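The lines below spell out each chain.
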Amino acid sequence: MRVKLALPLRRVRWGPLLRAYRLFGPHVLRYRLELMGALVCLIGSIAMDIVQPWPLKLVFDYVLPVKKHKHALPEALASALPGDPASLLLLACLAVVVIAVLSGLLDYGQNLLAAQVAHKVIFRIRRDLFSHVQRLPMAFHVRRQTGDLLMRLTGDIQMLREILVSSVITLVSRLFVVGGMVAVMAFMSPKLTLVTLAIIPALLLVLVRFSGRLRDVSRRARRKEGRVASVISETINSISVVQTFSRERFEDERLERQNRSSLRAGLTATRLEERMSRAIEVVVALGTCGVLALGTRLALRGEITPGDLLVFLTYVRNFYKPLKDLSRLAARLSKASICAERILDLRELEPAIRDTPDAVAAPRFRGAVQFRDVNLCYEAGSPPALSGIDLEVRPGETVLVVGPSGAGKTSLASLLLRLYDPTAGAVLIDGADVRRYALETLREQIAVVLQDSVLFGVTVRENIAYGKPEADSDEIVAAARLVNAHEFIERLPAGYETVIGERGATLSGGQRQRIALARAAIKKAPILILDEPTTGLDAPGERAVIEGMRALLGGATAFIITHRPELFPEAGQIVVLEGGRLAETGTWQDLLRSRGALFRLASRRHSEIQMHREASSHDAF
C-alpha cells in the first residue's frame, strides 16, 4: 500500500489556512523587525539544543574512562581540550551552565517577541473584523445569531494567532531542530541514524488515521459552542421577559441541552487528541528501544564511544519531541482551520449596501423626499415588503405613516437610511437619488428614534452625545432641555454623569425615550424618523415624549411611524400602508371623511379601546 504522505502536516486542510495568510498576512508583515529578532533568537536556541549533550560526551569519553577513546572528537578539537581530567570536568560543568543560560535567554527573547507580534496582529484583525461586521447590511444581522458572531469575534480570532504566528514559529523551529540533529547524527553514525528515522512512516500513518476525524469533530464542536453562546446572549438580552414569565427553569433546560451537546463534542475531540498522542508515544518508545539496542552493540564493538551513544539517545529523545510537536501542531491546525474558515466566511462577505465608486458627500439637505415607484423585497422570491410606492414630501413637512403590523411602515423608513436599497424604483432627497451619496454623510443628516431605543451602559452625557460626539456640555444640556429631559436627568444620582444600566435598564420607558429624543435633537438633522416612540408608555410618559417630539420637529422633515395618528392632528400628511402598498394619503380630517383605510384603522382601534375599558370595569366589579 502506497502511503501518500511526505510531511506530518499533509492531512491539514490548507485551503482556509492559505486564504487566512493571504488576507491577514500583511498584518503580520508590519512587524517584520520583531519577527526577524524572534528568528535570530530561534536559531540561537536551536544551536543550544544541538550542543546541549556534548559536555556530557566529554565527561563519558575523556573523564570517566581510564583510557581515552580515539576519535571521540575531531583531532583539532580534541587537541584543544585540557589534558587534566579535573580541568576537563570543570570545563564540561561550565559549558552546561553557559548553554543553559544562553538557551534560557534566547527562548525568552523568542517567546516574548513572538507573543508581542501575535497580540498586535490579533488586535488589528479583531478591530478590522468588528468594523467590517458593523458595515454588513441589516439583512445579514437579522438572520445571524448574536452568540455565533461573538464566538467568531472572540474565540475564533484567538485561534488565528495559532495560524498566523505560533504555528509558523513552531513549524520552523521544529524543522530546524530535526534537520540539525539528523545532520549531526548522520555524521556520527549513519546506522543509528537510519534506525532513528525508521519510525517516521509509522508516525505519519498515525496522523493519517486521526487528523481527518479530528478536523470533522472540531468543526462540530465549534458550531455547538456558537449555539451555546447564542442561547446565553439571547437569554441575557431578554432577561426582563424571562423573569416576567418565570421562565428561568425553561432557559436553564434550554442551555443544558445545548451545553451538553457542546460538552459531548468537546470530549469527543479531546479523546481523539489523546488517543493520537498515546499512539505517537508508543511509536516513539519503539524507536528509542531500537536505537538503544543497536547503539549498545556498536559501542561494545568499539564502532562508537559511550559518549556518542549518550549524545544519540539525547538526540533521539529531542528528535522525537519535535516530531510529536509537529503531530500536535497538525491537530491544532485542524481545529484552527475551522476557526479560520468561519472568520473568512464572515470577512469575505461583501456589504450589499455600500458607497458607489462615484459617491459624493451629501450637501446640507433641505428635506424634500420622494419615493418613486419603489418596490422592496428582502430576499429573492419572497413576497414584496413594499410595492409601487409613489410619495412626495415637502421640506419641513410632518408625515404620519400608519397601517397594521407588517404593512411596510418601518421598511419605508429603512429605505431613507439606506439600511436596504429598493429592488426597483428610487428614493430621492432634494431631487437626488440617495444612492448617489456617501453613506456616512447621508445618515449624518437623518436622526432616528426607535420604538425600543437602545441606550448604552455609559453616562447619560455620553448617550446624548452619541448623536454628535464632538458636542460640548452646553449643547448636550440644550438638547435635553428641548425634549423635556433635563429635569429628570438632574434628579438622577449624578445628573448627566450617572452611568445607566446596559440598554437603559435602570430608567423608565419614558425616560429612555426622552434621552433618545435628546440624542436625535443634538444632531439638528433636517430629516427625522420617529418609529413608534410612544408604544408601551404610560400616560404621563406618553405626554412627556409627545411634548419632546413636538419640540424636536421644528423645521425638520419628519416621518412619524405610529398606530395612533390622532396624537398628531397637526401632521401635514398621513400615509396609510396596507400589505406593502400605498392605500391612501391625505390629512386627518379628509381621510376620516372618505371613510377609507384610515377610517377602518381608527374604528378598529376605537373598538379595541372600548372592549378593554369594559373588561377593566368588569374586573373591577
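Rules used in this analysis
Each chain has its residues counted from 1, running along the sequence as written. The predicted origin of the model limits local features to residues at a pLDDT of at least 70 and limits the giving and counting of side-chain atom pairs to 80 or more, whereas totals for whole chains, interfaces and linings rest on all residues. In computing side-chain properties, one takes all heavy atoms of the structure into account and sets aside hydrogens as well as water. Between any two strands, at least two bridges found by DSSP are needed for them to pair. In this description a helix means any DSSP run of H or I spanning at least four residues, a strand means any run of E spanning at least two, and both kinds are numbered starting from the N terminus. Whether two residues touch is decided by their heavy atoms; if any such pair falls within 4.5 Å, the residues are in contact. Lines are fitted to the C-alpha atoms to define the axes, a helix being fitted only along its stretch in contact, and any angle between axes, read from their N-to-C directions, falls within 0 to 180 degrees. The predictor reports its confidence for every residue as pLDDT, a score running from 0 up to 100. Buried residues of nine kinds, namely Ala, Val, Leu, Ile, Met, Phe, Trp, Tyr and Cys, make up a nonpolar core once their side-chain atoms join them within 4.5 Å. Only protein chains enter the accessibility calculation, which uses a 1.4 Å probe; a residue is then buried when its area is under 20% of its type maximum, exposed when over 50%, and partly exposed in between.

1. Looking at the sheet that holds strand E5 (residues 432-433)
- Here we have four strands laid out as an open sheet, ordered E2-E1-E4-E5, and antiparallel in their pairing. Among the strands making up the open sheet, the edge pair consists of strand E2 (386-393) and E5.
- Where strand E4 (residues 424-429) lies against E5, two bridges are found, and the strand directions are antiparallel. Note that in E5 the partner of leucine 428 across the bridge is aspartate 433.
- Contacts between helix H13 (residues 409-417) and the sheet are confined to strand E1 (369-376), E2 and E4, with E1 contributing the most and set at about 115 degrees to the helix.

2. Description of the confidence of the model for the protein
- Overall, the prediction assigns the protein a mean pLDDT of 79, with 85% of residues at 70 or greater.
- Of the regions scoring below 50 in pLDDT, residues 1-11 engages in 19 contacts with residues more than four places distant in sequence or in other chains.
- Counting interchain partners and residues more than four positions distant, the pLDDT-below-50 stretch residues 612-621 has zero contacts.

3. A closer look at the environment of valine 28
- The residue valine 28 is located in helix H1 (residues 14-29) in this model.
- Excluding its chain neighbours within four sequence positions, the residues that come into contact with valine 28 are Leu35, Val121 and Leu164.

4. Some points on the sheet that holds strand E3 (residues 398-402)
- Pairing is mixed in the open sheet, where six strands are placed in the order E6-E7-E8-E3-E9-E10. Only two strands of the sheet have a single neighbouring strand rather than two, namely strand E6 (446-449) and strand E10 (581-586). Going from strand to strand, the sheet's axes swing by 15 degrees on average, the running direction of each strand aside.
- Where strand E7 (residues 527-531) lies against strand E8 (residues 557-561), five bridges are found, and the strand directions are parallel. Bridged to leucine 528 within E8 is alanine 558.
- Those strands touched by H13 are E3, E6, E7, E8 and strand E9 (573-578), and its axis lies near 150 degrees from that of E7.
- Its contacts with the sheet put helix H18 (residues 509-521) on E6 and E7, and the angle it makes with E6 is roughly 180 degrees.

5. Describing the environment of phenylalanine 60
- Residue position: phenylalanine 60 is located in helix H3 (residues 54-63).
- A sequence separation of 249 residues divides phenylalanine 60 from leucine 309, and the C-alpha atoms of the two residues are 9.9 Å apart.

6. Regarding the nonpolar core
- One finds Val460, Ile464, Ile489, Leu517, Leu530, Ile574 and Val576 to be the most contacted residues of the largest nonpolar core, which totals 48 residues.
- In terms of residue count, the dominant contributor to this core is H18 (six residues).
- In this view, leucine 530 contacts Val449, Leu517, Met549, Leu552, Leu553, Phe559, Ile560 and Ile561; residues no more than four positions away in its chain are not counted.

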